[in-house]
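So you can see what is in the structure, the chains are spelled out below.
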Amino acid sequence: MSPRAHRIVRRLLLAGGIALAVGLVPAIMTWDYIQNDPDFCTSCHIMDDAYERWADSPHAQVNCHTCHPGDLASNLHQLWVQLTDRPTEVEKHAVVPADICGQCHLGEDSRWPVVGQTAGHALHYGEHEIECVECHAPAIHEFIPTDQMCQKCHPSEVVGLSAMQRLHCGSCHAFLAAPERGIVPDDARCAECHGADGSAPRASAWHPDLDCAGCHPVHDDPASVAADPGVEHRRGRALPCTGCHADAAALDMPPGHGCADCHEPHGGGFEEAVCRDCHRPVAAQQPPRDHHACADCHPPHAPDVRPADRCADCHRGDEVLAAGTPVEAHRACESCHQPHEAGPPDGPACAPCHTKQSRQAAVAGVEAHRQCAGCHAVHAPASVRACGGCHPDQRQATAEAPRAHRNCATCHPLHGSPRSGVGPCRGCHVEQARAADRQPPEHGRCADCHPPHRPTRPTEAVCAECHAGQRAAVAAEPPAHQRCGTCHAWHAPGLRADDGTCAGCHAAQAAGRPGAPFGEIHQGCGGCHPGHGTRAAHDCAGCHVPAARAVSGAIPAHSDCESCHGSTHQPQAGDRRACVDCHGDPTGVGLHRLDAHRACVDCHGGHRPQIPGAAACTGCHPPEKIQRHPAAARGAQSCHGCHSFRRNR
């Protein structure tokens, strides 16, 4: 080969090498993208759902071709189909071989869960050779088995307990447990959910040889479930106890007394506390005498036996039995005795039958009267104890009282308040009660003036207990005024001088009581005479202050009110008639003859009479008349210098 040809070949080889090198790098990158990058799978948009589930799964860090080892031809075929046919669904491809899962999960690489030596996988994968994807591939990239996957092989295993139907099969069947423990759940497995301290809730005393499934079967036969879907244990309860305890099936127990209601299934036996759990209101009310256990009165498995029928078992021969009482309702113990309350019956026990009497006794003044047994013998209620047994003093006091007052029930309501008040009295003393109703409250209670158990007429000493001041005021009065009853009616003690009370003794003075215009104060004796303490009339100045001041210092005849107004009990107006009694009648002399000058007080004044000056005249005579007088006369202090009132001229 010529040198020139040799150079051409070298150049061609160099150019080819360069071209090969330039094209090899993209080819290698493309090959790595197709084989190792999961994004290559998402280049097909219909793979988005499968990609998202893979990204959220425990295999998110595992390359697609680790589990789907497809060859170049199949991959290129899938790419060609997507580019040319544009399908809406991806066809089956990239099948996972059976040994792919074992490469990670059957080895001893600590990065992966080793499931080969577990109870569930040793049975399903090892013994029955079930492929992994049969259970772990319910859908694309969903690796957790569902209950539906289990039922493909176990269609007859139906969960009967409704509360457990929400659980996954693996909640009880531990696939990842040690092989020696097995996949079938034991009591310890049940205790993981149903044991408070992690130990199995075994009923050691009652059912020591049974495991949990002995009473709580989890799986039911599908045929029986379909035939009777409402059987009791399918609502979350254990099998009926009557399956083993046939004798209990014949008991006609009341509602709420099923076997499990009284017998703690997982406990050590029956206790009184079980009864108290349901019967809390009566649990704390058991009587103290030999009634400690519920079963003492309530036969546990004999509900047709009445507890009251068993009273005689303990109280046989007791003297308090009321079998001989004439009242039939009192012969049954529970009629009066509250079974779950301590002690003998009290007022509330009697109330259902004796409603009226119980209401009245509830307002009694003393505690002893509120208890029915205080007066009524418990087992002989028809016999009532005598009141004198507790009230000897009162009983002795009534011995001298009128016959009607000797019977306690005449004044004291048997079941009401023992205080008589005015109510019982008015039943016999009608007129006195009506009169007392119109008086102040302190005079309306009979017992305030009449000793309750010796109701005699009250004396002044009784009045003095409340009216000490009035009694002291009448101490110096005449005997008639010292007796309260002289002026005060016993059942209407208000003193009213205008109703004839005073007139009974002072008729003349009462007859002179004036009418108008002197007002009501002059019409009643009490206007001038105080009720208690003095016989003299009030001084007129006590009411007529201006008049008293006016006559102060006047001549004696003018300072005595009676000189002008008449007697104390017949006062009159101080007019002309009173003046002429002392000064004579001046109407025939001088200017007194004029009718306008006849009223003495118009010119001389009322309570301080004096010779009138010019000012008295100008009150009636207008100024224009005075202006017609001579100038020297206009300033005169008195008009009578020219106008004579004393002589005729």
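K.L.:
How should the overall build of the protein be read in this particular structure?
P.N.:
Secondary structure assignment for the protein yields 36 helices and four strands. Each of the 649 residues in the protein was classed as buried or not, and the buried ones make up 16%. When contacts within the protein are restricted to residue pairs at least 6 apart in sequence, those whose partners lie at least 24 apart make up 50%. With an accessible surface of roughly 44,700 Å², the protein has 58% of that area assigned to carbon and sulfur atoms.

K.L.:
Sorry, what's going on with the environment of C390 here?
P.N.:
Secondary-structure assignment places C390 in the loop between β4 (380-384) and α20 (392-397). Each C-alpha atom, one on C390 and one on G374, is 9.9 Å from the other, the two residues being 16 residues apart in sequence.

K.L.:
When you look at a nonpolar patch on the surface in this model, what are you seeing that I'm missing?
P.N.:
Taken together, L72, L76, L79 and L83 make up a surface patch of nonpolar side chains, about 330 Å² in accessible area. Within the secondary structure layout, L83 lies in helix α4 (residues 72-84).

K.L.:
Could you clarify how one ought to interpret α4 in this entry?
P.N.:
For the α-helix, the turn length of 3.6 residues means that residues three or four positions removed from each other point alike. Taking 1.5 Å per residue, 13 residues should reach 18 Å; α4 reaches 18 Å between its end C-alpha atoms and fits that length. Within α4, the full set of buried residues consists of N75, Q78, V81 and Q82. With its buried residues spanning 125° around the axis, α4 presents them on a single face. More than 90 degrees from the buried face of α4, the exposed residues found are A73, W80 and L83. Just beyond α4, the residue with positive phi is R86, at close to 50°.

K.L.:
Explanation requested: the pattern of salt bridges in the structure shown.
P.N.:
When the charged atoms of two side chains lie near each other, side chains of opposite charge can form a pair. Scanning the model with the defined rule gives five salt bridges in all. For R189, the salt bridge identified is with E192, shortest N-O distance 3.0 Å. You can see R189 and its partner E192 sitting in helix α9 (residues 187-194), three residues apart, about one turn around the helix. Through salt bridges with shared partners, a single network forms among R181, D186, R189 and E192.

K.L.:
What exactly am I supposed to notice about helix α6 (residues 119-127) here?
P.N.:
Of the positions making up α6, those classed as buried are A119, G120, H121 and H124. E129 sits one or two positions beyond α6 and adopts a positive phi of about 55°.

K.L.:
I would appreciate a short explanation of the side chain of H597 in the present structure.
P.N.:
Counting through the fold element by element, H597 comes out in the loop between α33 (576-583) and α34 (600-604). Among the polar contacts made by the side chain of H597, one reaches the main-chain carbonyl oxygen of L591 at a distance of 2.9 Å.

K.L.:
Teacher, can you tell me more about unusual backbone geometry here?
P.N.:
In most cases, non-glycine residues show a negative phi, while peptide bonds are predominantly trans. For E129, which is not a glycine, the phi torsion comes out positive at approximately 55°. Along the chain, E129 turns up in the loop between α6 and α7 (132-136). Residue class for E129 comes out exposed when judged on its relative accessible area of 64%.

K.L.:
Explanation requested: the environment of D99 in the structure shown.
P.N.:
With respect to the helices, strands and loops of the structure, D99 is situated in the loop between α4 and α5 (100-105). Separated by 32 residues in sequence, D99 and E131 have C-alpha atoms that sit 9.0 Å apart.

K.L.:
I keep staring at the state of the cysteines and nothing clicks. Help me out?
P.N.:
Here a disulfide denotes a covalent bond joining the sulfur atom of one cysteine to the sulfur atom of another. For the structure shown, the criterion picks out zero disulfides. For the unlinked cysteine C428, the closest cysteine sulfur is that of C411, found at 7.4 Å.

K.L.:
Just checking my understanding: could you explain the environment of G388 for this structure?
P.N.:
With respect to the secondary-structure elements, G388 resides in the loop between β4 and α20. On the basis of relative accessible area, G388 is assigned to the partly exposed category, the value being 25%. The sequence separation of G388 and C408 amounts to 20 residues, and the corresponding C-alpha distance is 9.3 Å.

K.L.:
I keep staring at the side chain of E477 and nothing clicks. Help me out?
P.N.:
Tracing the sequence through the fold places E477 in the loop between α26 (468-473) and α27 (479-482). Relative accessible area serves as the criterion here: at 8%, E477 is assigned to the buried category. Within the local environment of E477, its side chain forms a polar contact with the side chain of H481, the two groups lying 3.1 Å apart.

What counts and how
Residues numbered from 1 in each chain as written. Predicted model: local features only at pLDDT ≥ 70, side-chain atom pairs only at ≥ 80, totals over all residues. Heavy atoms only, no water. Helix = DSSP H or I, 4+ residues; strand = E, 2+ residues; numbered from the N terminus. Buried < 20%, exposed > 50% of the residue type's maximum accessible area, 1.4 Å probe, protein only. Contact = heavy atoms within 4.5 Å. Areas by Shrake-Rupley, 256 points an atom, 1.4 Å probe, with all protein chains shown as cover. Patch = residues over 30% accessible without salt bridge, like charges linked within 9 Å, V, L, I, M, F, W, Y side chains within 5 Å. Salt bridge = Lys/Arg side-chain N within 4 Å of Asp/Glu carboxyl O. Expected span 1.5 Å × (residues − 1). Arc of directions from axis to C-beta. Polar contact = N/O pair within 3.5 Å; in protein donor to acceptor, adjacent residues only side chain to side chain. Disulfide = S-S within 2.5 Å.

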